[in-house]
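# Observations on chain architecture
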Amino acid sequence: MASSLDTSKVMKLERYNSYIRRVNSSKLIAASSKLLFRVTLLVALLLIFFFTINYHPLSSENTSHHHIHTTTHNLLSSAFYGGGAAWEKQVRHSSTPRRANGLSVLVTGAAGFVGSHCSMALKKRGDGVLGIDNFNSYYDPSLKRGRQKLLAQHEIFIVEGDINDAELLSKLFDIVPFTHVLHLAAQAGVRYAMKNPQSYIKSNIAGFVNLLETAKLANPQPAIVWASSSSVYGLNTNVPFSENHRTDQPASLYAATKKAGEEIAHTYNHIYGLSLTALRFFTVYGPWGRPDMAYFFFTKDMTQGKPINVYVTQDNKEVARDFTYIDDVVKGCLGALDTAEKSTGSGGKKKGPAQLRVYNLGNTSPVSVKKLVTILESLLNVKAKKNVIKMPRNGDVPFTHANVSLAYRDFGYKPTTDLSSGLRKFVKWYLSYYGIQSKVNKELNSPNDHSED
Ligand SMILES: O=C(O)[C@H]1O[C@H](OP(=O)(O)OP(=O)(O)OC[C@H]2O[C@@H](n3ccc(=O)[nH]c3=O)[C@H](O)[C@@H]2O)[C@H](O)[C@@H](O)[C@H]1O
């Protein structure tokens, strides 16, 4: 009896245990399917989010959108980037020449100062122009957006992207057989190099190499004209600066990266047969200029009644620059493009020697910073609050002065704008662009001034 009672107890206990196990396992299944559902939902939402923000805008004017775009683009592979039939159509349309034997030019840094002016000039004469720009915030990106808007009115499309993005660059070369590249994208500014040295390495060295790597593989290989700088002359005291003078004493990291660019250009020319022309720009100024440059922020500070620092050398001598007006520099860039010979390589292999050139694009008549301020005082009709201080040891050189006979000989480069006339055009643009009503000198609107800027 006792044993049959035990047996029934054991059976009951087993049934109960099995019931508990069933309940537990169905609870477990329910819990895990909930978890699985939530994870799937989260992944789907993340994918939708990344896809949406990485979809290339066709005509983006929206800066905040762009900010997210560039940030996430760095995190993700370029597979998401650009693309789409409408986007490709714009790329093709913008880069197709409208005249016989017109050039098809990829302009890097097209939303920049020199880039936007050159893009317009090329387009106006019937060449195809495609821009690329990362719209970084080194200076007010809304000015870059303003230039982009102007270019869009002339049917020039700017691809938003970085020259370090190899996949994007090769995609552009797959779509368009560019005849030329005008490479102006760079980290500019002499003094900022002490604050953010890495940005110079990233843009001026890594970015340039990335562009050359793409160009060497392209078929046809384009001819490349690119922006070097007067700063490569560094501490050279031999004046005026000629292309054969020494350039091995850079005074700033900016100068060193531009000099490195010239050496890198030599290598790619030598190994791959790329046609390469470096243009050493001398303190370029004018309408739509760069707000980080002295003439620009002096104008801003003077109109706001703020003091400005005017540098002198350590031995109290005046600091001077060969200030060069933008229209003259644009003519130089177009002259260099027009006389650039074809690259000789294909598919990454050199087929013969190719052109390698370096030119100064300056104004040939240096003006002191003190004089620059006097001209601005007269144009703005205000007295500057000047702090005359010794030039900080931050990469500046005491003077620059270009000899441009080589550029004149090879493509007729002849600067025609003196600093007063050029600054008049700049100030006129500045006051109108920023909507400043001022007690400005009537002379600004002199009848001789037919500037379109
Ligand atoms: O030719 C170049 O290769 C370079 O030109 C430009 O550099 P720079 O010639 O140094 O121009 P910019 O800064 O306008 O200073 C002008 C003058 O004002 C003096 N200066 C400057 C600041 C200040 O507060 N006070 C002052 O006196 C200063 O000492 C200098 O004498 C480009 O920025 C650079 O990207 C590069 O392209």
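So, here is what we can say about the structure in this document. This one's a predicted model, so the numbers in the text were calculated from it and none came from an experiment. Numbers given to residues run from 1 along each chain, matching the order in which its sequence is written. Totals for whole chains, interfaces and linings use every residue, but because this is a predicted model, local features are given only for residues with pLDDT of at least 70 and side-chain atom pairs only at 80 or more, for both listing and counting. As a convention, hydrogens and water are excluded, and side-chain values are obtained from all of the structure's heavy atoms.

## Side note on the packing of aromatic side chains
- Pairing of aromatic rings covers Phe, Tyr and Trp, the last counted by its six-membered ring, and requires centre-to-centre distances within 6.5 Å; plane angles under 30 degrees mean stacked, over 60 mean edge-to-face, and any other angle means tilted. All told, the structure shown has 30 aromatic pairs when counted by the stated rule.
- By the ring-pair criterion, three or more aromatic residues cluster together here, those being Tyr285, Trp288, Tyr295, Phe296, Phe323, Tyr325, Phe426, Trp429, Tyr430, Tyr433 and Tyr434.
- Lysine and arginine charges are scored as sitting over a ring when NZ or CZ, respectively, is within 6 Å of the ring centre and within 35 degrees of the ring normal. Taking the ring centre of Tyr139 as reference, the NZ or CZ of Lys144 above it sits at 4.6 Å.
- Here the guanidinium or amino end of Arg145 rests over the ring plane of Phe135, the centre of that ring lying 3.7 Å away.

## Concerning the nonpolar core
- Nonpolar core, defined: a set of buried Ala, Val, Leu, Ile, Met, Phe, Trp, Tyr and Cys residues in which side-chain atoms within 4.5 Å join the residues together. Residue burial is assigned from relative accessible area. The probe radius is 1.4 Å, only protein chains are included, and a residue is buried under 20% of its type maximum, exposed over 50%, and partly exposed in between. By size, the foremost hydrophobic cluster in this structure holds 72 residues, and its most contacted members are Val114, Phe281, Tyr295, Leu372 and Leu423.
- Two residues form a contact once any of their heavy atoms are found within 4.5 Å. Those residues in contact with Val114 that sit more than four places away from it in its chain are Leu184, Phe281, Val284, Ile326 and Val329.
- Core analysis: the second largest hydrophobic core is formed by 29 residues, Val91, Leu130, Leu211 and Ile264 among them.

## A closer look at the sheet that holds strand S11 (residues 356-361)
- Taken in spatial order, the seven strands of this open sheet run S3-S2-S1-S4-S5-S6-S11, and their pairing is parallel. Each edge of the sheet is formed by a strand with only one pairing partner; in this case those strands are strand S3 (157-160) and S11. Averaged over all pairs of adjacent strands, the angle between strand axes in this sheet comes to 20 degrees, irrespective of strand direction.
- Strands are treated as partners if at least two bridges between them are detected by DSSP. The way it works is that DSSP assigns letters per residue, a run of H or I at least four long becomes a helix, a run of E at least two long becomes a strand, and they are numbered from the N terminus. Both strand S6 (residues 276-281) and S11 contribute to a ladder of six bridges, which runs parallel. Among the inter-strand pairings, Arg280 is bridged to a residue of S11, identified as Asn360.
- Under this scheme, a helix contributes an axis fitted over its contacting stretch, all axes are lines through C-alpha atoms, and angles between N-to-C directions fall in the 0 to 180 degree range. Together, strand S1 (104-108), strand S2 (128-133), strand S4 (180-183) and S6 form the strand contacts of helix H4 (residues 113-124), whose direction differs from that of S1 by roughly 165 degrees.

## Details of the site of the ligand
- The near set for a molecule or strand comprises every residue that places at least one heavy atom within 4 Å of it. The full set close to the ligand counts 23 residues, and Arg191, Ser229, Ser230, Asn309 and Arg321 are the nearest of them.
- Contacts described as polar in this section are N or O atom pairs within 3.5 Å, which, within protein, must combine one atom able to donate a hydrogen with one able to accept it, while residues neighboring in sequence count only if both atoms come from side chains. Between Tyr311 and the ligand, the recorded distance is 3.0 Å, taken from a backbone N or O atom to an oxygen atom.
- Contacts to the ligand include Asp396, whose side-chain N or O atom sits 3.1 Å from an oxygen atom.
- Each accessible area value is a Shrake-Rupley result obtained with a 1.4 Å probe; residue values ignore everything except the protein chains displayed when judging cover. Relative to its free-state accessible area of 700 Å², the ligand is covered by the protein chains to the extent of 95%.
- Contributions of two or more residues to the shell around the ligand are made by helix H9 (294-303) and strand S8 (307-312).
- Of the residues assigned to the shell around the ligand, the class counts are 13 nonpolar, six polar and four charged. Residue classes follow a fixed rule: Ala, Val, Leu, Ile, Met, Phe, Trp, Tyr, Cys and Pro count as nonpolar, while Asp, Glu, Lys and Arg count as charged, and any other residue, Gly among them, counts as polar.

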